[in-house]
Amino acid sequence: MTHELTAPRLASASSKTTESVGWWRDAVIYQVYVRSFADSDGDGVGDLRGVRSRLPHLARLGVDAVWLTPFYVSPQADGGYDVADYRTVDPLFGDLSDADELVRAAHALGLRVIVDVVPNHTSDRHPWFREALAEPPGGPARARYHFRPGRGPGGMLPPNDWESVFGGPAWTRAAGGEWYLHLFAPQQPDLNWEHPEVAEEFASVLRFWLDLGVDGFRVDVAHGMVKAPGLPDIGRGAQATLIGTEPLPFFDQDGVHDIHRSWRRLLDEYGGDRIGVAEAWAPTSERLALYVRPDELHQAFNFRFLTCPWDPALMRTVIDESLAATAAVGATTTWVLSNHDVVRHVTRYGGGAQGLARARAAALLMLALPGSAYVYQGEELGLPEVADLPAEVRQDPAFLRTAGQDGLRDGCRIPLPWSGQEPPYGFGPAGTWLPQPRDWAGLSVAAQTGDPHSTLELYRAALELRRALPGLGSPDAGPLVWQPSPEGVLLFTRPGFACTLNGRGTVVELPSPGRPVLSSAPVETDGRSVRLPQDSCTWWAL
Ligand code: GLC
């Protein structure tokens with residue numbers, strides 16, 4: 001048997017068991033990278049009307065919510081993560097009524113909507129930063145950012161040795177000789193969260209979008225808003241490589257938690273089911289769990305799972321540590337394999353047929369684990385990274401500033417293929433802001449629909465089963481128990497359910513754990529024993 005769906009089909013999403021205890025605890029949330037999802041007006045850039053037109057794809061896929069990447073007014077120096085006006089939609093993406101209609105249309109389909117908020121930095125074109133630049137050194141508007149005199153003769157050297165995540169120094173010299181801090185591109189000056197107006201402004205921005213009806217926020221660089229007192233030197237280079245593994249004076253400072261507590265109080269004023277999800281890079285699972293304490297945010301991306309190589313023993317360790325760390329604070333784990341900042345996991349796992357087989361298996365593993373899962377647009381199509389983009393079309397500031405933390409991020413941001421035989425594959429009326437490969441016709445939504453062997457149908461079947469079987473996903477259904485298994489194979493059970501992952505390069509034979517209900521590759525079973533294909537994951541009903 002292969003992808004056959006044998007569990008009962010559900011009439012509607014309302015049968016979910018965890019609705020009353022917090023929808024986010026086991027939600028599957030789909031990341032829409034707005035620029036690359038669907039284009040309604042033919043400028044080659046995805047937009048809000050494009051997203052609205054494609055909502056039926058997401059409803060049919062079976063996700064619970066959508067996270068939209070920034071669509072606010074921005075010079076687009078970093079794909080919109082450089083915001084110049086937090087309350088206005090950039091004309092590139094539409095206008096406020098498009099945002100309003102999108103939220104309503106999503107809700108009508110039973111999909112919640114999370115939007116991005118970018119509080120660590122503004123655009124250099126934000127009115128606050130323009131005001132700051134217009135002032136002499138020491139001026140009061142500069143106090144909303146981190147301006148400092150330089151070191152060395154004439155203040156020619158940066159105030160400390162911090163490096164930008166995108167490469168190069170984290171400081172740029174401004175008119176009048178002072179330097180300003182930017183942990184990302186120079187067009188993204190870091191805000192000073194000790195200034196009371198900064199906190200007031202962001203509380204107001206959150207209310208603006210909550211009043212419009214959004215269901216929560218993905219908090220960009222949620223680990224970055226507070227810097228160590230005195231901005232101490234680090235004393236070593238290649239700092240971007242230390243993010244997420246070692247303590248750094250510009251990330252994961254204890255003070256950020258006060259901000260998240262205040263945001264939680266604000267979210268709770270809106271009735272209890274609006275959520276915050278932290279994009280937080282912390283050195284350990286325990287440090288990451290601090291962001292999801294009961295009075296802080298609801299979720300934090302589990303990047304240790306994302307960065308784990310294809311190695312079942314390591315994956316098991318990451319799963320155990322993640323579950324233990326979040327359980328210790330009463331939260332659930334938020335699994336993720338890809339996003340707009342990292343190489344797509346088909347390619348990370350080796351590319352080609354092997355990478356795709358592993359990516360399909362990893363998806364089933366992720367969707368079987370207790371907690372919430374994030375799906376990055378295109379992973380349901382098995383899209384690979386596009387590695388061979390010519391330099392002249394690349395737009396990632398990390399590319400322009402040397403290789404930073406995330407390497408070259410354009411290759412995971414290629415506009416989606418929806419239908420048709422050639423670019424733009426139904427993405428929009430004409431053109432795409434990054435070129436699509438000529439051989440993506442077979443990967444489009446239309447091409448994969450109805451093909452039982454396609455990755456799209458695998459995701460659809462998995463998400464449907466996940467709604468039907470509480471032992472899948474729901475953290476409240478009971479414990480995950482590891483069962484004895486050969487080296488390179490994972491086998492765990494949950495109430496009524498078992499999952500096997502064969503991470504070896506060869507077929508493995510096992511006593512049958514149950515009745516197979518879904519598999520990333522065909523399994524052979526005679527009812528008593530089972531042959532698991534290499535690089536595969538299978539779900540079993542018990
Ligand atoms: C986050 C975003 C990334 C952006 C950076 C700066 O890491 O995911 O795309 O470049 O923040 O805002």
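Residues numbered from 1 in each chain as written. Predicted model: local features only at pLDDT ≥ 70, side-chain atom pairs only at ≥ 80, totals over all residues. Heavy atoms only, no water.

J.: Let's hear about the overall build of the protein chain: which residues, and what values?
T.: Each helix and strand counted, the protein chain has 14 helices and 21 strands in total. On C-alpha atoms alone, the protein chain measures out to a radius of gyration of 23 Å, which is about the 24 Å that the 2.2 N^0.38 rule sets for 542 residues. In the protein chain, buried positions account for 60% of the 542 residues. A separation of at least 24 residues holds for 67% of the contacts in the protein chain among residues at least 6 apart in sequence. (Helix = DSSP H or I, 4+ residues; strand = E, 2+ residues; numbered from the N terminus. Rg over C-alpha atoms; globule rule 2.2 N^0.38 Å. Buried < 20%, exposed > 50% of the residue type's maximum accessible area, 1.4 Å probe, protein only. Contact = heavy atoms within 4.5 Å.)

J.: A description of the pairing of strand E1 (residues 28–32) should follow, citing residues and the corresponding values.
T.: Among the five residues of E1, five are classified as buried, and the element is accordingly described as predominantly covered. Going residue by residue along E1, you find Val28, Tyr30 and Val32 tucked away on one face and Ile29 and Gln31 tucked away on the opposite face as well. The pairing of E1 with strand E13 (residues 372–376) spans four bridges and is classified as parallel. What sits directly across from Val28, in E13, is Ala373. One ladder, built from four bridges, connects E1 with strand E2 (residues 65–68); its direction is parallel. When the bridges of E2 are listed, Tyr30 appears paired with Val66. (Pairing = 2+ DSSP bridges.)

J.: Account for the site of the ligand, naming residues and giving values.
T.: Near the ligand, the surroundings consist of 14 residues, among which Asp78, His121, Asp220, Glu279 and Asp341 are the closest. Note that an oxygen atom of the ligand is positioned 2.7 Å from one of the side-chain N or O atoms of Glu279. Contacts to the ligand include His340, whose side-chain N or O atom sits 2.9 Å from an oxygen atom. The protein chains hide 98% of the 310 Å² of surface that the ligand would expose on its own. The class makeup of the residues in the shell around the ligand is four nonpolar, three polar and seven charged. (Near = heavy atom within 4 Å. Polar contact = N/O pair within 3.5 Å; in protein donor to acceptor, adjacent residues only side chain to side chain. Areas by Shrake-Rupley, 256 points an atom, 1.4 Å probe, with all protein chains shown as cover. Nonpolar A, V, L, I, M, F, W, Y, C, P; charged D, E, K, R; others polar.)

J.: Quick rundown of the packing of helix H11 (residues 352–368) against helix H14 (residues 455–468)? Include the residues and the values.
T.: Viewed as axis vectors pointing N to C, H11 and H14 meet at an angle of 10°, and their least axial separation amounts to 10 Å. Judged by the angle between their axes, H11 and H14 are roughly parallel. Residues Leu356, Arg360, Ala363, Leu364, Met366 and Leu367 of H11 form the contact with H14, whose participating residues are Thr455, Leu458, Tyr459, Ala462, Leu463 and Arg466. Taken together, the residues of the contact of H11 with H14 break down into nine nonpolar, one polar and two charged. (Axes fitted to C-alpha atoms, helices over the stretch in contact; angles between N-to-C directions. Parallel < 35°, antiparallel > 145°, perpendicular 65-115°, else oblique.)

J.: I'd love a proper account of the domain arrangement of the protein chain, names of residues and values included.
T.: Along its sequence, the protein chain is carved into domain 1 (21–120 + 195–373) and domain 2 (478–541). Averaged C-alpha coordinates put domain 1 and domain 2 at centres separated by 31 Å. Taken together, the 18 residues of domain 1 in the interface contact 18 residues of domain 2. Interface area for domain 1 against domain 2, summed over the two sides, is near 1500 Å², with a carbon-plus-sulfur share of 74%. Summed over the three residues of domain 1 that lose the most area to domain 2, namely Pro312, Arg316 and Leu364, the buried surface amounts to 35% of that side. Linking domain 1 to domain 2 there are one salt bridge. The salt bridge involving Asp535 is made with Arg358; its shortest N-O contact spans 3.3 Å. (Domains from an automatic or database assignment. Buried area = accessible area lost by both parts, 1.4 Å probe. Salt bridge = Lys/Arg side-chain N within 4 Å of Asp/Glu carboxyl O.)

J.: Which residues make up the side chain of Gln299, and what are the values?
T.: Note that Gln299 resides in strand E11 (residues 299–300). Its relative accessible area of 0% is what places Gln299 among the buried residues. A polar contact of 3.0 Å, which involves the side chain of Gln299, links it to the side chain of Ser372. Here Gln299 is in contact with Trp24, Ile29, Ile275, Gly276, Val277, Ala278, Val292, Thr334, Ser372 and Tyr374, once residues within four sequence places are set aside.

J.: Any chance you could break down the packing of helix H5 (residues 196–212) against helix H6 (residues 256–268) for me, citing the residues and the numbers?
T.: Interaxial distance between H5 and H6 falls to 11 Å at its minimum, and their mutual angle equals 30°. Taken together, H5 and H6 sit at an angle that is classed as roughly parallel. Here H5 and H6 pass one another in a crossing that is right-handed. Across from Phe202, Ala203, Leu206, Arg207 and Leu210 in H5, the residues of H6 making contact are Trp263, Leu266 and Leu267. Residues of the contact of H5 with H6, tallied by class, amount to seven nonpolar, no polar and one charged. (Left-handed = near helix turned anticlockwise from the far one by under 90°.)

J.: Explain the sheet that holds strand E12 (residues 334–336) residue by residue, including any values.
T.: Spatial ordering of the open sheet is given by E11-E10-E9-E5-E2-E1-E13-E12, a layout of eight strands whose pairing is parallel. In this open sheet, the two edge strands, each paired with only one partner strand, are E11 and E12. Its contacts with the sheet place H6 against strand E5 (112–117), strand E9 (216–219) and strand E10 (275–278), and it is angled at close to 165° to E9.

J.: So what's going on with the pairing of E5? Residues and values would help.
T.: For E5, a buried count of six out of six residues is recorded, marking the element as mostly surrounded by other parts of the structure. Side chains Arg112, Ile114 and Asp116 project from E5 onto one buried face, and the interleaved Val113, Val115 and Val117 project onto a second face that is buried too. Note that E2 and E5 share four bridges and pair parallel. Paired with Leu68 across the strands is Val115, a residue of E5. Bridge count between E5 and E9: four bridges; the pairing is parallel. Opposite Val115, over in E9, you have Phe217 as the bridge partner.

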